[in-house]
Amino acid sequence: MSKTGKFIVVEGLEGAGKSSAMATICHYLQQQQIVVVSTREPGGTPLAEKLRTLVKQVDSNEQLAAETELLLMYAARVQLLTNVIRPALARGDWIVADRHDMSSRAYQGGGRQLDEQLINNLRSSVLGNTKPDLTLYLDIDPAIGLSRAAARGQLDRIEQEQLDFFIRTRQKYRDIAATEPAIVTIDASKPLADVQLAIIIALNSYFPVSSKEQCNG
Ligand code: T5A
């Protein structure tokens, strides 16, 4: 039997608690003897990390066009899919991803209001058949998320956007989560322990023990 790992994605606005969620998921899976590869987007390969720097840095000399931002996100994503995610899944490892395609749909589609058809054409052209088995969407009021992010230090180029941008981004996240399968919405305004419990419940429900054993086999 061919081995295929599972692909789990964590999504949400800045300060939603994705880093904490990643740690919870990785710890939980490793306790089940599952080999976990964690990724982040944009980033996760040497070239994709350079693209991450480009999209996050504040450059007062040249404004990044919204379409350029979109293309850079997908360029980084294709590098990561090709060089890390697909090989890991083929080995039978599990991917735990800090952001994936849903981020572009929410930020560039919702926040930047880029044409949905443009984004969908790009997705269908470059992503192939590799899709998440489960997406955990951490839903947070942008004002709360941004205040958590601000408490950490200097804000990057996207974090410096107006509140309206994040309100649109959140709305797009919620629209996608409400209509597509294999996305679990978690209330990320709750205390960390409640969020962690909701994550474990979702993992147990999507990946009962028998499927984990099969993946290790
Ligand atoms: N982007 C990305 C796009 O526009 N399009 C795309 O296609 C992609 C892939 C990436 C940026 O690029 C954009 C989105 C982003 O703007 P990033 O650094 O990867 O940037 O993502 P951020 O969301 O900016 O990362 P953050 O670190 O801000 O968010 P996290 O990981 O969700 O937040 P986290 O876990 O670090 O938590 C923040 C703080 O809150 C506390 C934590 O302890 C921490 O101090 N916290 C809680 N406090 C109270 N209660 C809870 N439940 C808490 N959970 C966490």
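So, how was this worked out
- Residues numbered from 1 in each chain as written.
- Predicted model: local features only at pLDDT ≥ 70, side-chain atom pairs only at ≥ 80, totals over all residues.
- Heavy atoms only, no water.
- 1 Å grid on protein atoms, 1.4 Å probe; cavity = no way out; pocket = protein on both sides within 12 Å on 5 of 7 lines; lining within 4 Å.
- Points joined across faces, edges and corners; volume = space filled by probe spheres on them.
- Helix = DSSP H or I, 4+ residues; strand = E, 2+ residues; numbered from the N terminus.
- Nonpolar A, V, L, I, M, F, W, Y, C, P; charged D, E, K, R; others polar.
- pLDDT = per-residue confidence, 0-100.
- Contact = heavy atoms within 4.5 Å.
- Salt bridge = Lys/Arg side-chain N within 4 Å of Asp/Glu carboxyl O.
- Buried < 20%, exposed > 50% of the residue type's maximum accessible area, 1.4 Å probe, protein only.
- Near = heavy atom within 4 Å.
- Polar contact = N/O pair within 3.5 Å; in protein donor to acceptor, adjacent residues only side chain to side chain.
- Areas by Shrake-Rupley, 256 points an atom, 1.4 Å probe, with all protein chains shown as cover.
- Sits in = over half its atoms within 2 Å of the grid points.
- Phe/Tyr/Trp six-rings, centres within 6.5 Å; stacked < 30°, edge-to-face > 60°.
- Lys NZ or Arg CZ within 6 Å of the ring centre and 35° of its normal.

1. Quick word on the layout of surface pockets
Now for step 1: Counted as a void, the largest pocket has a volume near 580 Å³.
Now for step 2: Every residue lining the largest pocket is counted, 28 residues in all, and those nearest its centre are Glu 14, Lys 18, Arg 52, Lys 56 and Arg 99.
Now for step 3: Secondary-structure elements contributing two or more residues to the lining of the largest pocket are helix H1 (18-31), helix H2 (46-56), helix H3 (66-91), helix H4 (101-111) and helix H6 (142-152).
Now for step 4: Looking at the lining of the largest pocket residue by residue, the class counts come to seven nonpolar, eight polar and 13 charged.

2. Here's the deal with the confidence of the model for the chain
Now for step 1: For the chain, per-residue confidence averages 94 on the pLDDT scale, and 95% of positions sit at 70 or higher.
Now for step 2: Scored below 50 in pLDDT, residues 213-217 shows 10 contacts in the model against residues more than four places distant or in partner chains.

3. Remarks on the pattern of salt bridges
Now for step 1: Applying the stated rule across the entire model yields 16 salt bridges.
Now for step 2: Measuring nitrogen to oxygen at the nearest pair gives 2.6 Å for the salt bridge that ties Arg 157 to Glu 69. Here Arg 157, found in the loop between H6 and helix H7 (163-179), pairs with Glu 69, found in helix H3; they are 88 residues apart in sequence, far enough to count as distant. Accessibility classification places Arg 157 together with Glu 69 in one group, the buried group.

4. Let's talk about the site of the ligand
Now for step 1: Around the ligand lies a shell of 28 residues, among which Glu 14, Lys 18, Lys 56, Arg 99 and Ser 104 are the nearest.
Now for step 2: Between the ligand and Lys 18 there is a distance of 2.7 Å, counted from an oxygen atom to a backbone nitrogen or oxygen.
Now for step 3: A distance of 2.8 Å is found between an oxygen atom of the ligand and a side-chain nitrogen or oxygen belonging to Arg 152.
Now for step 4: Protein burial of the ligand: of its 1000 Å² of free accessible surface, 82% is covered by the chains.
Now for step 5: Taking a 2 Å distance to the grid points as the criterion, the majority of the atoms of the ligand fall inside the largest pocket.
Now for step 6: Where the shell around the ligand is concerned, the elements lending two or more residues are H1, H2, H3, H4, H6 and helix H8 (192-206).
Now for step 7: Considering every element that reaches the shell around the ligand, the biggest residue donor is H4, with four residues.
Now for step 8: Broken down by class, the residue content of the shell around the ligand amounts to 10 nonpolar, seven polar and 11 charged.

5. Some thoughts on the packing of aromatic side chains
Now for step 1: Throughout the structure, instances matching the rule amount to six aromatic pairs.
Now for step 2: Ring centres of Tyr 107 and Tyr 173 lie 6.2 Å apart, and the angle between their planes is 85°; on these two criteria the pair is classed as edge-to-face. Taken together, the residues Tyr 107 in helix H4 and Tyr 173 in helix H7 connect sequence positions 66 residues apart. Both residues of the pair, Tyr 107 and Tyr 173, belong to the buried class.
Now for step 3: Ring plane angle 90° and centroid distance 5.0 Å describe the contact between Phe 165 and Phe 166, whose orientation is recorded as edge-to-face. Summarising the burial analysis for this pair, Phe 165 and Phe 166 share the class buried.
Now for step 4: What links up through ring pairs into an aromatic cluster is the set Tyr 107, Tyr 137, Phe 165, Phe 166 and Tyr 173.
Now for step 5: Above the face of the Tyr 74 ring, Arg 77 is positioned so that its terminal group lies 4.6 Å from the ring centre.

6. Focus on the side chain of Glu 41
Now for step 1: Here Glu 41 shows up in the loop between strand S2 (36-40) and H2.
Now for step 2: Within the local environment of Glu 41, its side chain forms a polar contact with the side chain of Arg 77, the two groups lying 2.5 Å apart.
Now for step 3: There is a polar contact of 2.6 Å between the side chain of Glu 41 and the side chain of His 100.
Now for step 4: For Glu 41, the residues in contact, after removing those within four places along its chain, are Arg 52, Arg 77, Leu 80, Asp 98, Arg 99 and His 100.

7. Focus: the side chain of Asp 139
Now for step 1: Summarising the element assignment, Asp 139 is placed in strand S4 (residues 134-139).
Now for step 2: In this structure the side chain of Asp 139 is engaged in a polar contact, spanning 3.0 Å, whose partner is the side chain of Arg 174.
Now for step 3: Those residues in contact with Asp 139 that lie beyond four places of it in its chain are Arg 170, Arg 174, Thr 185, Ile 186, Asp 187, Ala 188 and Ser 189.

8. Re the environment of Glu 180
Now for step 1: With respect to the helices and strands, the residue Glu 180 is situated in the loop between H7 and strand S5 (183-187).
Now for step 2: Along the backbone, Glu 180 and Asn 61 are 119 residues apart, and their C-alpha atoms lie at a distance of 40 Å.
Now for step 3: A distance of 2.7 Å separates the side chain of Glu 180 from the side chain of Arg 105, its partner in a polar contact.

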